[in-house]
Amino acid sequence: MSEFLLLRHRNIGEEGIAELDEYLRLGGFQAFRKVVTQMSPQQVIDLVKASGLRGRGGAGFPTGIKWSFLSDRFPRYVVANSDESEPGTFKDREIMERNPFQFLEGLMICAYASQAHVAYNYCRGEFWQLVDELQSKVIQLHDHGMLGDRIFGSEFSLQIHHHLGAGAYICGEESALLESIEGKLGQPRLKPPFPADRGLYQQPTVVNNTETLANVPLIIERGAEWYRSIGVEKSCGPKIMCLSGHAKNPGNYEVPLGTTFRELIFDLADGITGDKRLKAILPSGASAPILPATDVVLDTPLTYEDVSLVGSQLGSASIILLDETVDVSWAAMKTTRFFKHESCGKCTPCREGTYWMDRLLHRINNGQGDHEDANLLGEVAKQITGKCLCPLGDFSTSAVISGLELFHDDFTQHVRNGNGSTVELSE
Amino acid sequence: MADQVTLKIDGDVVSVPAGTLIVDAAKSVSNDIPVFCYHPKLDPVGMCRMCLVEVGTPLRDRESGEPELDEHGDQKINWMPKLQTACTVPVSAGMRVRTATQQVTRARKDVVEFLLTSHPLDCPVCDKGGECPLQNLTMSHGSGESRYLFDEKIQLQKRVPLGELIFLDRERCIQCARCTRFQDELVGEPVIGFDKRGRALQIVTFSEPGFDSHFSGNTTDICPVGALTTADFRFGARPWEMQHTPSICPHCTVGCNTHLNTRRSGMVGGTVIKRVMPRQNEKVNEIWLCDKGRFGHHFAGSSDRLTVPLVRKDGRTIEQSWEHVLPLVAAKLAAADGEVAGIAGERLSNEDLFCFQTLVEGLGGRTMQWPGRMGGGDLVQQVGVGAGTDLAQLGAETVILVVASDLAEEAPLWWFKVRQAATKAGATLNKHPASLVVANARDTKLDRYANHIVRYSYGDEVQTVQALTHAISGDGAGIETGIDAQHNPLLSEVARAIEAAENMIIIYGSEGLDFSGSGALAQACANLLIASGHVGGVGNGLLPVWPSNNTQGAWDMGVRPAGMSVSEFTSGAKVVLLAGADPVGDGESLPEDAFVVISELFKTDTASRADVVLPAQAFVEREGSYTSGDRRVQRFYPALPALGDAMPDWNIFVRLTALLGLGTVPAGAGAVMRQIAADVPRYDGISYERLADVEEQWPHVGGRDSYYGGTAFENSAGLGLQTPTLAEMGHQVQPGNVEPPSVESGEFLVVPITLLYDRGSMLLRSKIMHQRLPEPYIELNVVDAERAGVGAGDRVALRVNGHDWEMATRVSTSPPEGVILFPRSLAGPLLPRTMVASLRKLES
């Protein structure tokens, strides 16, 4: 692809786009002006529906359809999910740092389409500096008459508020995020009702990922057909892949959906550090099953459908590479420790199960396990799966179950070898 | 009536109201789906994951909407791919639920195993052991062996005080949030909550003092493990060792149903009350109890109880036997020539009051209710709230007017239920709240839930209600009112709401009013109910917030307020006969030359003045009945053996009646009730047998299945019976004349108010409550405080009614300007009514 659409700095080679003047010079906020002055909210929703844009936060739900689900009650709210807490995901931060106005413009268009007059940008607590920056940009937009009352002389008014979380994985889950904005303990709500019916303060609410929103101005500007021409049929548009682990050149790669693992890893990122053999891929941070680095997997296109066909999920596309030196039981211990630490504690299987898996994995990795422990680990993981209140509980077992299935020896070798290196238990 | 929905749970076809959750539908056909976090009184949260079941819905043709059938002609079912929580999914037509499949059985075993990985398994020393859902469900669904290494268990604090009344054992807590949801949804006081996350998730209290709520004890009942315990019962006994005696709470006019759990105690050397537990009566207290009722029972077991009759002889008090003392009293009564003044407390049982009235009447004497400071008992008999009314269930068709009462302090469970009606928080199929109007001269806790708050000045209570009647009846014929509702937008709005309402209940109190004032208010309220057509049916009528538990019973038995001071009432009496009344302690005086006889629990100031003191049995040692404010006659049973020679009050009066040859002697409390049924209007048909009748109640709690925990909830001892009102009996009750009270004027108006936690004789003898009892104080408006140069916490001298009080000051915006709120029973004599006073700051 010849141009970068979400991280435009790569295209123009300048950081200037983060400045409002430069963004405006390049045609920024024309899309927002167009929807507010020329389009009805329904027309915007129809256009986004037609574009085939799907949520970039992980679930891949069609964005336009989500917007059309809002219950017929007011006030409504729109919320940008910039919690970005999946391990190995660092795309939303870069969008907000390098191309903040495109994201804000997307959020504003979303608010217009949803007939919301208040928009929130929910950021993880560690983004406090970034939020300072964004806040000054929101003030700039007010000064330019693009936020506030009667924007462009229309009936439409909009305020944007930033909200900092206190650093919790669960607050990336939309209903826990809403609880957090309301000042409550970050725990997921029962669904149904969904946020489109009872969201923030029990009012109809759209929650979209930051990257999803950054796509929206492009769709307005250049049309649904143009957007559909990027990527493949069901997974269209550009997508930022967050590549980390044993990649020679880790970082964010904006590619059309449908690019293969091989193209991303070997063509764009120049392969594996030290030219070692690639052993496994975690395609969606800690939360999706591990994939073995087979030819079939490497030639799999990065789309929501294809990655799921080979047994995992594209998710937020936080692709972590593990080379041949990595012990998968160690990697599973790391993801499990993360989930144990981040479990909100609301439902039993996740609260107790992640803790148990963590204990088992430490025992195994310390060489203190017996032959039954790997089996027990698998059983505990399956015991959690399918019983949790929110999807994050199921995520906690992905790496463990797939790791045991694909790399069973990595787990049992510790038993055979006796005590390996001692791994400290986390708090 | 909600639409019925039919579904199939395993083999059972079940028909339940739309909106019912699967778990409740299953319970209705005795299919106990195991639960921990779910509680039928609370909104479901689906947290514990214990109730997972297979759920399917009929497959429908997309085009026609018709159900699809398989080759056998059966409906095709679309089974959900994952197990569903039965506690969160409402039923739908044609739904299929499977609760006994291998997948479901396995899921239950899995969840129990997860819970036990962090549970200490200290059942042998746990207070909940024996009535513990976790224990029970582990036995029925858990695995017999543990796969979790014991050494890897987390060890947490076992004794975390959430205040001095409730303790948390962090190891036992399974994070089900029943306690926090109870406080949040049902009480509206989220003073406890979760802190941290994951395995560190813990219950903490946010209030000072800790767990600052009148309902805290209930959380220990609904806790499905032994994580929350009360300071009263902690390590006190095992549930299976205790006897359950059905009883009625003696504290306020609600009449909460309780169980007294008793056990032999080696330390005390006899049987003692180990705990007081709520007993289910949905229309009265549901399954709840306020902390005063739960912890304030220790007066009965107090070591200063009277146990032997005492006679004053030559200035000395000597112990006497009943055989000596009763003839002595009878002789004095016989010699009094009808100059007998009888004063009976409102706390006595119906049997006591009836026998007291019979005796004194037989002697040609006169009786008086003590303290007898509230009027309207006769009107309650005429237009009282309709039998079968459940305050919490009142919905959008009802207006509830609360006037001159701080309900939260005076009748906690009614406050709880009215709040329910006005918020519809918690689990309820009816989501349409009743319309609540709170009328008072100051802020009360109920204001938060009111649709309309009417503020009047103390003294304007009656006229405010009259103004509403005036606005409704239009012509205002015969109604004198200083307040014009037509030109008062708020009052006219309330009047319109009353006119539009299908049902209306008026809950009236006596704040700021004396006997005649509150009687006038009751009449004004009755007139409003009659004028708007809201008498004689369920959800309609007058509900009095009586100052005591059996004030209504006293009215019904003919022991009525005298409307005068005790010294006026007893003037000229040769014998003053008192029962459960302490006028001397409240600053009244008895005639010097009268022979004074009293039956009492304690050596009160009046007992010290008496010539004969007769030891009475406390309610825990005897049987009897109380009549609550909604005219519900309820029976209590003996839980403990008699103390010393103490006798039930009714028996004392019956024996005196016999000795005096005034009548026959009923052989027991039940026989007294038969006499009451024969003699007292509207009590006909009431008998101990019928008071013991029960009918099925929802939800099913307690009992042997311990489904929601606890063994004490189950009510098999009676729901009580409500006496009919004249309106219900078809009488056309006519409005009466109202004489509004006059108001004194002075520097300050001192208004006595009622606190739930006072320093009266019952709570002072319950040491466990001491930290919650306020030091004597008065409450001033900020403006007045500034003017008088008094700050919060300053000590002041209050001169009123010729008496000086020294107390601490609280300053707030709640009392109106010029008004000093004076909590009753905190210090010194009772303030008989609203009075004028002067205030002086004391130098510290």
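Only a predicted model underlies this, so the values are computations on that prediction, with no experimental measurement involved.

The subject of this paragraph is the overall build of chain A. Regarding its fold elements, chain A presents 19 helices and 9 strands. Relative to a compact globule of 427 residues, whose C-alpha radius of gyration would be 22 Å, chain A shows 22 Å and is just as compact. In chain A, which comprises 427 residues, the share counted as buried stands at 62%. Excluding contacts between residues fewer than 6 apart, the proportion of contacts in chain A whose partners are at least 24 apart in sequence is 71%.

We now examine unusual backbone geometry. What is expected of a backbone is that most residues other than glycine have negative phi and most peptide bonds are trans. A cis geometry characterises the amide bond from A:Lys191 onward to A:Pro192, with omega recorded as -10°. A cis amide bond links A:Pro192 with the next residue in sequence, A:Pro193, at an omega value of 0°. Mapped onto the fold, A:Pro193 is located in the loop between α9 (174-181) and β4 (205-209). Although it is not a glycine, B:Asp10 sits at a positive phi angle of roughly 50°. Within the fold, B:Asp10 resides in the loop between β1 (4-9) and β2 (12-17).

A few words now on the pattern of salt bridges. Two side chains with opposite charge may pair up if their charged atoms get near one another. Residue and element names in this part refer to chain A. Inspection of every chain in the model, using the stated rule, returns 70 salt bridges over all chains. Ionic pairing is found between Lys 191 and Glu 173, a salt bridge with its closest N-O pair at 3.1 Å. Here the residue Lys 191 occupies a position in the loop between α9 and β4, and Glu 173 occupies one in the loop between β3 (159-164) and α9, the gap between them amounting to 18 residues. Residue classification places Glu 173 among the buried residues on the basis of a relative accessible area of 8%. One salt bridge connects Arg 359 with Asp 358, and the closest N-O pair in it is separated by 3.4 Å.

A word on the sheet that holds strand β7 (residues 160-162) of chain B. Residue and element names in this part refer to chain B. Here 3 strands make up an open sheet; going across it, the order is β7-β8-β11 and the pairing antiparallel. Strand pairing shows two members of the sheet lacking a second neighbour, β7 and β11 (228-230), which therefore form its edges. Looking at each pair of strands side by side, their axes are set apart by 35° on average, direction ignored.

Take the domain arrangement of chain A next. Where interface size is quoted, it is often the accessible area lost as the parts come together. Residue and element names in this part refer to chain A. Each domain of chain A was delimited in the assignment, giving domain 1 (3-228), domain 2 (238-323) and domain 3 (328-412). Computed over C-alpha atoms only, the centres of domain 1 and domain 2 are separated by 27 Å. Residue-level contacts link 23 residues of domain 1 with 20 residues of domain 2. Overall, the association of domain 1 and domain 2 removes approximately 1,700 Å² of surface from exposure, summing both partners, and the carbon and sulfur fraction of that is 56%. Where domain 1 packs against domain 2, one counts 2 salt bridges. Among the ionic pairs, Arg 54 bridges to Glu 305, the shortest N-O distance being 2.5 Å. Here domain 1 and domain 2 share 11 residue pairs in polar contact (both at pLDDT 80 or more) between them.

Next up on the list: the packing of aromatic side chains. Residues and elements named next belong to chain B. For the structure on display, the rule yields 26 aromatic pairs over all chains. Ring centres of Trp 415 and Tyr 449 lie 6.4 Å apart, and the angle between their planes is 65°; on these two criteria the pair is classed as edge-to-face. Here Trp 415 is found in helix α11 (residues 412-423), whereas its partner Tyr 449 is found in the loop between β20 (435-440) and β21 (452-455), with 34 residues between them in sequence. Relative accessible area serves as the criterion here: at 11%, Tyr 449 is assigned to the buried category. Feature note: the residues Phe 182, Phe 215, Trp 288, Trp 415, Phe 416 and Tyr 449 constitute an aromatic cluster, connected by ring pairs. Sitting over the face of the ring of Trp 415, Lys 445 holds its NZ or CZ atom 5.3 Å from the ring centroid. Lying over the aromatic face of Tyr 777, Arg 810 brings its terminal NZ or CZ to 3.7 Å of the ring centre.

Residue and element names in this part refer to chain B. Per the domain assignment, the segments making up chain B are domain 1 (4-100), domain 2 (114-230), domain 3 (312-372 + 553-662), domain 4 (377-546) and domain 5 (748-841). Buried area between domain 1 and domain 4, summed over both chains or domains, comes out near 350 Å², and the portion from carbon and sulfur atoms is 55%. Inspection of the domain 1/domain 4 interface yields 0 salt bridges. Counting every contact that joins domain 1 to domain 4 gives 1 residue pair in polar contact (both at pLDDT 80 or more). Residues that form the side of domain 1 that touches domain 4 fall into these classes: 4 nonpolar, 2 polar and 2 charged.

With that settled, consider the sheet that holds β3(A). Residues and elements named next belong to chain A. Pairing in this open sheet of 4 strands is parallel, and the strands run β3-β2-β1-β4 from one edge to the other. Strand pairing shows two members of the sheet lacking a second neighbour, β3 and β4, which therefore form its edges. When the angles between neighbouring strand axes are averaged without regard to direction, this sheet yields 20°. Sheet analysis places strand β1 (residues 77-82) next to β4, joined by 5 bridges and oriented parallel. The residue bridging Val 79 from the neighbouring strand is Val 207, located in β4. Of the strands in this sheet, β2 (118-123) and β3 touch helix α8 (residues 128-143), which is tilted by about 170° from β3.

In this complex, chain B contributes 31 residues to the contact, which on the side of chain A involves 31 residues. Of the roughly 2,800 Å² buried where chain B meets chain A, counting both sides, 56% is carbon and sulfur surface. The three residues of chain B that bury the most area against chain A are B:Phe114, B:Arg147 and B:Arg197, which together make up 28% of that side's buried surface. One can count 6 salt bridges joining chain B with chain A. The partner of A:Lys387 in a salt bridge is B:Asp110, with the nearest N and O atoms 3.0 Å apart. Here the side of chain B that touches chain A takes 8 residues from helix α2 (residues 102-117) of chain B, the largest share from any one element. Each residue belonging to the side of chain B that touches chain A can be placed in one class, and the counts come to 15 nonpolar, 6 polar and 10 charged.

A word on empty space enclosed by the protein. All names here are of chain B. Under the definition given, this model contains 10 cavities of 30 Å³ or more. One number sums up the size of the largest cavity: a volume of about 200 Å³. Every residue lining the largest cavity is counted, 16 residues in all, and those nearest its centre are Thr 220, Asp 221, Phe 233, Arg 275 and Met 277. When its residues are assigned to classes, the lining of the largest cavity shows 5 nonpolar, 4 polar and 7 charged. Size it by volume and the second largest cavity reaches roughly 130 Å³.

With that settled, consider the nonpolar core. If you look at the biggest cluster of nonpolar residues, it comprises 123 residues, and the most contacted ones within it are B:Leu407 and B:Leu436. No other element matches α11(B), which puts 7 residues into this core. Non-local contacts of B:Leu407, meaning those with residues more than four positions away in its chain, are made with B:Val402, B:Pro412, B:Trp414, B:Trp415, B:Val418, B:Leu446, B:Ile507 and B:Val545. Within the second largest apolar cluster, 58 residues are counted, among which are A:Val36, A:Val78, A:Ala113 and A:Leu213.

This next bit is on the side chain of B:Glu54. Residues and elements named next belong to chain B. Relative to the helices and strands, Glu 54 is located in strand β3 (residues 52-58). There is a polar contact of 2.5 Å between the side chain of Glu 54 and the side chain of Thr 101. Discounting chain neighbours no more than four positions away, the residues touching Glu 54 are Trp 79, Leu 83, Arg 96, Val 97, Arg 98, Thr 101, Gln 103 and Val 104.

A few words on the confidence of the model for chain B. Mean pLDDT over chain B: 93, with 98% of residues reaching 70 or higher. Interface predicted TM-score (ipTM) for the complex: 0.93; the corresponding pTM is 0.95.

Residue and element names in this part refer to chain A. Among the secondary structure elements, Gly 199 is positioned in the loop between α9 and β4. Gly 199 sits 48 residues away from Ala 247 along the chain, and the two C-alpha atoms are 40 Å apart. Setting aside residues up to four positions removed in sequence, Gly 199 forms contacts with Leu 178, Glu 182, Arg 189, Phe 194, Pro 204 and Thr 205.

Our focus in this paragraph is the pairing of β1(A). With 6 of its 6 residues buried, β1(A) lies for the most part within the structure. Alternating residues of β1(A) divide into A:Tyr77, A:Val79 and A:Asn81 and A:Val78, A:Ala80 and A:Ser82, and every residue in both groups is buried.

Thresholds, definitions, all that
Residues numbered from 1 in each chain as written. Chains lettered and ligands numbered in written order. Predicted model: local features only at pLDDT ≥ 70, side-chain atom pairs only at ≥ 80, totals over all residues. Heavy atoms only, no water. Helix = DSSP H or I, 4+ residues; strand = E, 2+ residues; numbered from the N terminus. Rg over C-alpha atoms; globule rule 2.2 N^0.38 Å. Buried < 20%, exposed > 50% of the residue type's maximum accessible area, 1.4 Å probe, protein only. Contact = heavy atoms within 4.5 Å. Salt bridge = Lys/Arg side-chain N within 4 Å of Asp/Glu carboxyl O. Pairing = 2+ DSSP bridges. Axes fitted to C-alpha atoms, helices over the stretch in contact; angles between N-to-C directions. Domains from an automatic or database assignment. Buried area = accessible area lost by both parts, 1.4 Å probe. Polar contact = N/O pair within 3.5 Å; in protein donor to acceptor, adjacent residues only side chain to side chain. Phe/Tyr/Trp six-rings, centres within 6.5 Å; stacked < 30°, edge-to-face > 60°. Lys NZ or Arg CZ within 6 Å of the ring centre and 35° of its normal. Nonpolar A, V, L, I, M, F, W, Y, C, P; charged D, E, K, R; others polar. 1 Å grid on protein atoms, 1.4 Å probe; cavity = no way out; pocket = protein on both sides within 12 Å on 5 of 7 lines; lining within 4 Å. Points joined across faces, edges and corners; volume = space filled by probe spheres on them. Core = buried A, V, L, I, M, F, W, Y, C linked by side-chain atoms within 4.5 Å. pLDDT = per-residue confidence, 0-100.

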